[in-house]
Each structure stands twice: as structure tokens, then as C-alpha cells.
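# Coordinate analysis (summary)
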Amino acid sequence: MGFLKNWAARPARSVKLIDIDFSKPWWSIFSAQKGKIAAITASILVYELLDTLQPIFIGWVLTSQNYMFVVLLVVPYLIDEVGSWFIVRPLVTQLHAQTMDSFRYSACKTILAIDPEFHSQQSSGVTLGKIRRTTDAYFRFIKKVLDDLVPLTIVLTIAMASVFMFNTMLGIVIAVALVVLGGLFSYLFVFATQGVESEVNRADDVANHVGTEVITRIQFIRASFAVDQMDRQLEASHLSAMRSSTTFFMTYRLLRGFLVFFFTLCLGFILAFLIKLVRSGELSTVNALSIILMILRSAHPLLKLDKYVTETVSAYRKIQDFYAYIRGYGKQTYPVFVNEQGSELSSQTCQTDPITLTVEHASASYAQEAPLLQDISLQISVTRQEPNKLYGIIGPSGIGKTTFISLLGGQLKPSVGHVLVNGCDIYQINDSQRQRLIALQGQIATNVFGSLKYNVTFGLPENHVYSDDEIIQLLESVGLWYLFKDKGGLATMIGEGGLTLSGGQRQRLNFANLFLRAQVYKPSIILIDEPTSSLDEVSEQRITEMISQLAERSLTLVIAHRLKTLEDAHKILDFCLINQTNRLVFYEPDELRKRSLYYQKLIQGNAILEE
Ligand SMILES: Nc1ncnc2c1ncn2[C@@H]1O[C@H](COP(=O)(O)OP(=O)(O)O)[C@@H](O)[C@H]1O
Ligand SMILES: [Mg+2]
């Protein structure tokens, strides 16, 4: 039993993932598996040949009275059965596993490689739905083609060819019948499925879209009445899909009725022709009976042609739909997985003193848009002993600060130019190496479904041990522990069914995570995007102090629109000044005041607020 289990698990172990290039045709995955497919088809051919010709072999045995022909029946059959178990079935399993896993892997990888901000929450629901649907479609496509369509074609061809050996005219009659039944009806079924599949896919997409949109709406505007509208949207799309499905099924039943009718008609015609041949002495009775037996056996699956064709076409259309979607999705901007195996630098290589951050003539744009940052350069160098390595970034909303920090953080690859940390191009190293150089906190405060501890340690190495005391102390510093200590402590669930956090609380939770990441990875550079935007003054004060603490060890760049956060900044960059020169320069506050109108306004605005 153990042996059998091991044997059955063998094919899956040797499956290798194929990297699918979605700009190539959808079947390119199969061209990477040519060997397997050829071996499987060859085996189907042998098997069906022996199987289909059995009635004829029996005819030979009976006419010649030579019972050695029995060997023709039994031995090859046994060989094929054994071969099927040891070679073909494992190959088919491999083909399935390899296709599905490679597709899922490549689809996820391609989508992750596109700036996540580019796809909104709703589209991610649709995308995940499409990935699941297409994985399933690939499975059904292979199954239908290899289990049904290829065997059916082979069987019918063999049967037709063997009839030609007995009588040419009969061969022609059968060939014509096959062309009408197989060819014409296949075409009709393909034609009948045309509209329905896209309608059904669309309804499925709408369901996924609406599902995720409802969640987003409830999160955004906390209004369940928004669901009403969604309801109508769902209903409209499903009604339209239902109408096409109904039309399709009516057409389908009608076509199927014709198929069965024609099938019987053809059989009757062939039978009549055979009787005529036997009567005229052109064919022996035994041969005629063998032929009838063979035709009945091999043509029988033709009655399922409707199912085979419509299911194969449906799977094919689902795959096509995914390809059309992914091609219109936008280009890769997010270098996740790039250089996965990349040049493996030793962890020491990039840990230089001084810490340097260099941008060399870099341009960056989002998918299909004109460059937002063009030919910019920047040079910062600070010794590790420098006690205050806090650098601020200011600038009006929408000017490109977040984009700039994404460029520095390794999320937005420059189309031209380089970003170097301690002399290492951050787009030439892999994710785990980048993690040891850079820590980033994004602008949008988020939490994940899970415990408080899971949220604080999210994205950190799993093998690292975090003492509860350490985490509690950290949560106390960011002013969050009081919320949890009388509830479930570190095990309190956050989100769905758990404690729902306010925007500011989420922001502080994200900051706690960043702070812990800084302790674990000791990155040379820390990038923080508007960490205090939703905070009250007391929390702001605490977070600002903790940022200064981070800035003692790492070069810390902080985007802020409130000057309070940057009170201790060693130098500040005004993003408005980018228009005058492509060199981004950080100035000491006094110097910046002389140069930047925006900074002056900010100081004044702040002063007014503080009065
Ligand atoms: N993921 C994205 N895809 C396309 N355009 C974007 C994306 N993120 C930001 N933008 C655009 O880039 C510009 C700069 O945005 P951003 O860098 O977020 O500005 P800031 O952080 O200074 O407010 C804006 O006009 C915005 O519409
Ligand atoms: Mg921003």
C-alpha cells in the first residue's frame, strides 16, 4: 500500500513550474509540454487502435479458425494497460498539475508585478475570480481534449480506414456520414455557444466585482444601504446572463435532437448498404457483423459530441477571456519577484559607513502614463555616528511625494536611471536583500485580518521570536495597548468579528510594525509616508519621538504635511523646488526658509493653527 501511495505521488514531485509569458498565445504553455503531450497521444493511438479493431480481430479468429490470433487481442491489450498505469496516467497527472500550477503561479506573479495601487480592491476580486476560473478551465480543456476529443477522432479515423480495407464504397459512405455528424455538428455547437460564454463570464466578473465593492463601500462610507444598489447591479447582469443561457440551452437541445436523429439515420443507411453488400456476395456475413460491431462501438461516443464540443469551447473561451484581461491590464511597474534568485549579495556587502542614498537621472511613470518624475538626481551621505539622520520631505498633495518614495523603496522601478543604497542598485537585488536595506511605511493605513500580535509582526520573519513583553512595550509606546489589555491582549482579533480600529489607530499599528521591522532588519534607510496624518497632537508627539529614535540608527526620510512631525529634521526637501532643478536637494531648515515659498507658507499656516 505504501509503495502504491509513493508511486502515485511520484509524478507530482517531478513537476516543474513553467513561467508563462502572457503576451504569447494561450496555448504556449502546451508547447512547453510537447514531449508529454506527444507521449500521451501516442499511447491513446495504440490503445484505441487495439480497442477499435477488436471486433475485426475476432472476425479473423472466427474465419481463419486460427486461435493464435487471440494473442492479438490479449497481449497488446495487457501491455497497454500496464503502460497506461506506469507511464500514461503519471504523465496526464503531471500535465494537469504542471499546467494548473504554472498558470496560477504565473498569473499571480504577473499581477503582483503590477503596482498594487493600480488595481483597486474591486478589480482584485475580479482578478482573483478570473485566476480561479481559468485554472479550472485549463484543467477541463486538457481533460476534454485528451479524454474525449482526441480518442474520438482517433477511433473514428481508425474505424473508417479499416472499413476501406473491406470495401471502398462502404468506406466512402461512412466517411461522408462522419463528416456530416462530426464536422458539421461540431461547428454548429461551437456556433451556438458563441454568445453565452462571454455573458456568463461577464456575470461572474460582475458578481466578484460587486462582492468586493460592497465590502469597500461599507468600509468607506459605513453604509449598508449601498448594498441596495449593488443588488440591482447583480440582478441586471445575472438576468442578462440567464437570458443568454436559456436561449443557448433551447438551441442546444434542438441541435442535440438533430444530432441523434442524424446518427440513427446514418446507422440505418450504413446497415442497408452492408445488407446489400452481403446479398451481392461482396462481403462475408462474418465481416459484415464485425463491421457493424465496430461501428456501434466506435461511433457511440458521437452521441456525446455536443457535450465534448461545448465543454471544450467553454474552457477555451474562459482561457481567452483571461488573456484578453491580463493584456489590457497595464504594464509591469512593480518589481516583486524580479531577480528572485538575483545576485545573492552577502548581508554585509551593502552595510557601508557612511550610509548613502543616490538617485541617478531616474525617470518613473505609472502604467501607460507620461513620466511623473523625470531625470531626477539625489545624493545623501551620512555617517552612522551622526546622531540625527532625520530628513523631511514636504510638498503639496499630488505633486509626487509618494511616487518618489516608492522609487526609493523598491516599489516603482525607474524606466531610466538608478537608485542606489550604499552603492547597491536596489532593483538589482532580491526582495529579502532589499528588506535588509530599506524599511517602508506606506501612506495608506491598513490592518490585516488576524490577531493583534499577527498585525504587529506582519511581514516579519516567521522564525524570529518576538517576546510578548517586547510587543506590549511597543504598543504602549504608540499608545495602543490600553485598547487591548482588558480585552484579549495580544490575541485580540482585529477587523472582521474583532476590534475595529480607527484610522489613527491603524496608522499607529502600522508604525509599530515598522518600528519592529527596523529592530529586526536594522535597515540603512527607513522611508515613512505621512505617518501622522490622522493623529491627534498627543499621538503625533509620541510617534515623532519614536521616529527620531529610528533616525539615530538609520537614514530616515519622512514625508509630512505638518511641520510638527519634522521639528527635529536635520534637513528638509521641498518637492516644489523640483521644477527649478532636476537635482533634489535637502536643505537645513534655516536655509530652506530662504529658498522655499511653500515652506514659508507652511510655517505661517502652522503658526496660525497654533495660535
Ligand atoms: N498607482 C498609480 N497609478 C497611476 N497614477 C498614480 C498612481 N499613484 C499616484 N498617481 C498619480 O501620480 C501623481 C502623484 O501622486 P503621489 O505621488 O501620490 O502624490 P503625493 O504623495 O505628493 O500626494 C498624482 O497625480 C496621482 O494621480
Ligand atoms: Mg502621498
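A brief structural summary.

Spatially, the five strands line up as an open sheet ordered 5-4-1-2-12, and their pairing is mixed. Here the strands that pair on one side only, and so sit at the sheet edges, are strand 5 (424–425) and strand 12 (583–584). The strands touched by helix 10 (residues 401–409) are strand 1 (355–364), strand 2 (373–382), strand 4 (416–421) and strand 12; relative to strand 2, the strand with the most contacts, the crossing angle is about 60°.

Within the protein, the magnesium ion (ligand 2) binds to Thr402 (OG1) and Gln443 (OE1); these donor distances fall in the range 2.0 to 2.3 Å. Within this pair, whereas Thr402 is found in helix 10, its partner Gln443 is found in the loop between strand 6 (438–441) and strand 7 (450–451), the two being separated by 41 residues in sequence.

The subject of this paragraph is the environment of Ile494. Tracing the chain through its elements places Ile494 in strand 8 (residues 493–494). Since its relative accessible area comes to 0%, Ile494 is described here as buried. A sequence separation of 47 residues divides Ile494 from Asn447, and the C-alpha atoms of the two residues are 7.6 Å apart.

Here we take up the pattern of salt bridges. A full pass over the atoms with the stated rule returns 20 salt bridges. The partner of Asp19 in a salt bridge is Lys109, and the shortest N-O contact between them spans 3.2 Å. With Asp19 in the loop between helix 1 (2–13) and helix 2 (28–31) and Lys109 in helix 4 (residues 70–112), this pair connects stretches of sequence that are 90 residues apart. Between Glu197 and Lys318 there is a salt bridge whose closest N-O contact spans 2.3 Å. A residue pair is termed long-range when its members are at least 10 positions apart, and Glu197 in helix 6 (residues 168–221) and Lys318 in helix 9 (residues 305–327) qualify at 121 residues.

On to the pairing of strand 9 (residues 525–529), then. Most of strand 9 sits inside the fold, with five of its five residues counted as buried. Residues of strand 9 alternate between two faces, with Ile525, Leu527 and Asp529 on one and Ile526 and Ile528 on the opposite face, all of them buried. Relative to strand 9, strand 6 runs parallel, the two sharing four bridges. Pairing of Gln441 across the sheet is with Ile528, part of strand 9. Bridge count between strand 9 and strand 10 (residues 555–559): five bridges; the pairing is parallel.

This brings us to helix 10. Most of helix 10 is tucked away, with eight of its nine residues classed as buried. Every buried residue of helix 10 is accounted for by Lys401, Thr403, Phe404, Ile405, Ser406, Leu407, Leu408 and Gly409. One or two residues past the end of helix 10 sits Gly410, with phi positive at roughly 95°.

Thresholds, definitions, all that
- Residues numbered from 1 in each chain as written.
- Chains lettered and ligands numbered in written order.
- Predicted model: local features only at pLDDT ≥ 70, side-chain atom pairs only at ≥ 80, totals over all residues.
- Heavy atoms only, no water.
- Pairing = 2+ DSSP bridges.
- Helix = DSSP H or I, 4+ residues; strand = E, 2+ residues; numbered from the N terminus.
- Contact = heavy atoms within 4.5 Å.
- Axes fitted to C-alpha atoms, helices over the stretch in contact; angles between N-to-C directions.
- Donors = N, O, S within 2.8 Å, 3.2 Å for Na, K, Ca; no water.
- Buried < 20%, exposed > 50% of the residue type's maximum accessible area, 1.4 Å probe, protein only.
- Salt bridge = Lys/Arg side-chain N within 4 Å of Asp/Glu carboxyl O.

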